[in-house]
Amino acid sequence: MPKRSAVLCLVLALLALPSVASAAETQRVGLITGDVVTLQNSGGRQGIEVDLADRDGYEASYEVREEDGRVYVLPSDAVPLDRELFNVTKLAKYGYDVERGLPVIVTREKSASPTLLRSAPGVRDATPLASIGGEAGTVDTDRSTFWRAATETRRHGTATSMAGVERVWLDE
């Protein structure tokens, strides 16, 4: 299934959303779900375009929300994840565009594999964090591979290398 493009030609100023890209700039930020958010600033107009990644048989939607000067793009299937993974203002500021990996911390259920993140597809540099029952690692630029593995158990009841994920956080 090809990517669906959900285009919001929002004039963010009308919605009182802050500028998330500098003047005459376009930034592409990759969310952990594999969705790509393009932040645009041209001629004083702000815009956001969201390209939703394939979800393997189901459709996701998203909500754009502004809170205290930060813009969030929240996919409908992104619970229970750290909201900062969807703070496109912060992701753009930190340079987590579509060309860079995304640092995460994953906590797991007690019964889950202690190498849950290390064995997950699309992850590199995973390191155990025994004190919290989790791991830190970097999700590669093809984030949709990681996301499909992370949500497979919840959606289909089939065990995957990511079975037992308790929560995923942005590693700041």
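What counts and how
- Residues numbered from 1 in each chain as written.
- Predicted model: local features only at pLDDT ≥ 70, side-chain atom pairs only at ≥ 80, totals over all residues.
- Heavy atoms only, no water.
- Helix = DSSP H or I, 4+ residues; strand = E, 2+ residues; numbered from the N terminus.
- Buried < 20%, exposed > 50% of the residue type's maximum accessible area, 1.4 Å probe, protein only.
- Contact = heavy atoms within 4.5 Å.
- Pairing = 2+ DSSP bridges.
- Axes fitted to C-alpha atoms, helices over the stretch in contact; angles between N-to-C directions.
- Salt bridge = Lys/Arg side-chain N within 4 Å of Asp/Glu carboxyl O.
- Phe/Tyr/Trp six-rings, centres within 6.5 Å; stacked < 30°, edge-to-face > 60°.
- Lys NZ or Arg CZ within 6 Å of the ring centre and 35° of its normal.
- pLDDT = per-residue confidence, 0-100.

A few words on the overall build of the protein chain. What the protein chain contains, in helices and strands, is two helices and 10 strands. Listing the helices and strands of the protein chain from first to last along the sequence gives β-β-β-β-β-β-α-β-β-β-α-β. Sorting the 172 residues of the protein chain into buried and exposed places 46% on the buried side. Pairs at least 24 residues apart make up 56% of the contacts formed inside the protein chain by residues separated by at least 6 positions.

Turning our eyes to something else, we now look at the sheet that holds strand 8 (residues 123-129). A sheet is described by the order of its strands in space; here four strands give the open sequence 8-9-7-10, paired in antiparallel fashion. Lying at the two open borders of the sheet, with one neighbouring strand each, are strand 8 and strand 10 (165-170). This sheet shows a mean twist of 25° between the axes of neighbouring strands, independent of strand direction. Where strand 7 (residues 102-108) and strand 10 come together, five bridges link them in antiparallel fashion. Its bridge partner being in strand 10, I105 is matched across the sheet by W169.

Should the charged atoms of two oppositely charged side chains come close, the side chains can pair. Counting across every chain of the model gives 11 salt bridges. Close ionic contact of R70 with D68 constitutes a salt bridge, the shortest N to O distance being 4.0 Å. The residue D125 makes a salt bridge to R124 at a minimum N-O spacing of 3.4 Å. The exposure class assigned to D125 is exposed, which follows from its relative accessible area of 58%.

The next point concerns the packing of aromatic side chains. Inspection of the entire model under this criterion finds one aromatic pair. A ring pair is formed by Y94 and Y96, whose centres lie 6.0 Å apart and whose planes are at 85°; its orientation type is edge-to-face. Of the residues examined, Y94 reaches a relative accessible area of 34% and is grouped as partly exposed. Positioned over the ring face of W169 is R167, at 4.3 Å from the centre of the ring.

This prediction gives the protein chain a mean pLDDT of 79; 77% of its residues lie at or above 70. Confidence, expressed as mean pLDDT per element, reaches its minimum in the protein chain at strand 1 (residues 4-8) with 45 and its maximum at strand 9 (residues 134-139) with 93. This model gives residues 1-17 a pLDDT under 50, and the stretch forms 35 contacts once residues within four places in sequence are excluded.

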